[in-house]
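Descriptive structure summary
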Amino acid sequence: MTNHESDLKEKILVVDENNVPTGLVKERGLVHQDGDWHRITAVYIMNKNKEILCQERHQQTDPAVFAGKWQPYVGGHILHDETPIQNAIREIKEELGLSVTATNMRSGPVRRSNPNHIWIYTFLYKFSGKMEDVSFPDNAITQITFLSYDRITLSMTNDPNRWASRMNSMEQMRQHLT
């Protein structure tokens, strides 16, 4: 089974449009196929220069997770048996190979994304390591770089198809990132 196939089998808690659990747990692939509301995390990682870690998703990644696009966060689907913070910590380990704790992590807003039927739990993680500490164990990322908020938003404005995120998500996060 490929990583993508196993990801589609992950068990996800279905919530309603108000983020209230329905009691249903379904495989991730079915949640997307059926258009069910569910939860994800988005962890914005900031270095000491207040630059945000941006990652380029691998071209061979599932198109539903923005193959070949840049993202200013790491994260993923919250499993039925984990909390948002547990998911954020797990996703940082899976995507960047970093072992982190909640100590340097701050909760941000919980945002609703209507077209995707997702509730996004946002976090800010203060990264004090070195770039050499980062690896890509799940092969979902091809490269990373740290960029200022202004450089990210300029790039999103000039070349929006290059990015998985949109300007409105960055604008909503601005007060938490600066």
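Provided above is the structure to which this section pertains.
Attention here is on the structure that accompanies the text. Since the model is a prediction, treat every value here as computed from it, not as a measurement. (Residues numbered from 1 in each chain as written. Predicted model: local features only at pLDDT ≥ 70, side-chain atom pairs only at ≥ 80, totals over all residues. Heavy atoms only, no water.)

**A closer look at the nonpolar core**
Of all hydrophobic cores here, the largest spans 23 residues; its most connected members are Val43, Ile45, Ile92, Leu96, Met105 and Tyr125. Mapped onto this core, the elements with two or more residues apiece are strand 1 (11–15), strand 3 (38–46), helix 3 (84–96), strand 7 (118–126) and strand 8 (141–147). Residue contributions to this core peak at four residues, all from strand 7. With residues near it in sequence (within four places) discarded, Ile45 still touches Glu51, Ile52, Leu53, Val74, Ile92, Leu96, Tyr125, Phe127 and Phe146. Ranked by size, the runner-up nonpolar core spans 18 residues in total, among them Ile118, Ile120, Tyr149 and Met156. (Core = buried A, V, L, I, M, F, W, Y, C linked by side-chain atoms within 4.5 Å. Buried < 20%, exposed > 50% of the residue type's maximum accessible area, 1.4 Å probe, protein only. Helix = DSSP H or I, 4+ residues; strand = E, 2+ residues; numbered from the N terminus. Contact = heavy atoms within 4.5 Å.)

**Regarding helix 4 (residues 149–158)**
Residues Tyr149, Ile152, Thr153, Ser155 and Met156 constitute the buried set of helix 4. Along helix 4, the residues classed as buried sweep out an arc of 160 degrees about the axis, all on the same side. Opposite the buried face of helix 4, by more than 90 degrees, sit the exposed residues Asp150, Arg151, Leu154, Thr157 and Asn158. (Arc of directions from axis to C-beta.)

**Overview of the pattern of salt bridges**
Here the structure, examined in full by the defined rule, presents nine salt bridges. One salt bridge in this structure joins Asp34 and Lys26, with 2.6 Å as the shortest N-O distance. Arg57 is paired through a salt bridge with Glu95; the nearest N and O atoms lie 3.4 Å apart. Taken together, the residues Arg57 in strand 4 (residues 52–57) and Glu95 in helix 3 connect sequence positions 38 residues apart. Classification of Glu95 as buried rests on a relative accessible area of 4%. Ionic contacts of the salt-bridge type, sharing partners, join the residues Glu82, Arg90, Glu91 and Glu94 into one network. (Salt bridge = Lys/Arg side-chain N within 4 Å of Asp/Glu carboxyl O.)

**Quick look at the environment of Asn161**
If you trace the backbone, Asn161 turns up in the loop between helix 4 and helix 5 (167–177). Overall, Asn161 belongs to the exposed group, its relative accessible area being 58%. With 39 residues separating them in the primary sequence, Asn161 and Thr122 have C-alpha atoms 23 Å apart.

**Examining the pairing of strand 4**
Among the six residues of strand 4, six are classified as buried, and the element is accordingly described as predominantly covered. Of the two faces of strand 4, both are covered, the one formed by Ile52, Cys54 and Glu56 as well as the one formed by Leu53, Gln55 and Arg57. Across six bridges, strand 4 lies against strand 8 in antiparallel orientation. Counted as the bridge partner of Gln55 is Ile144 from strand 8. As judged from the two bridges shared by strand 4 and strand 5 (residues 70–71), these two strands associate in the antiparallel manner. Following the sheet pairing, Glu56 is matched in strand 5 by Trp70. (Pairing = 2+ DSSP bridges.)

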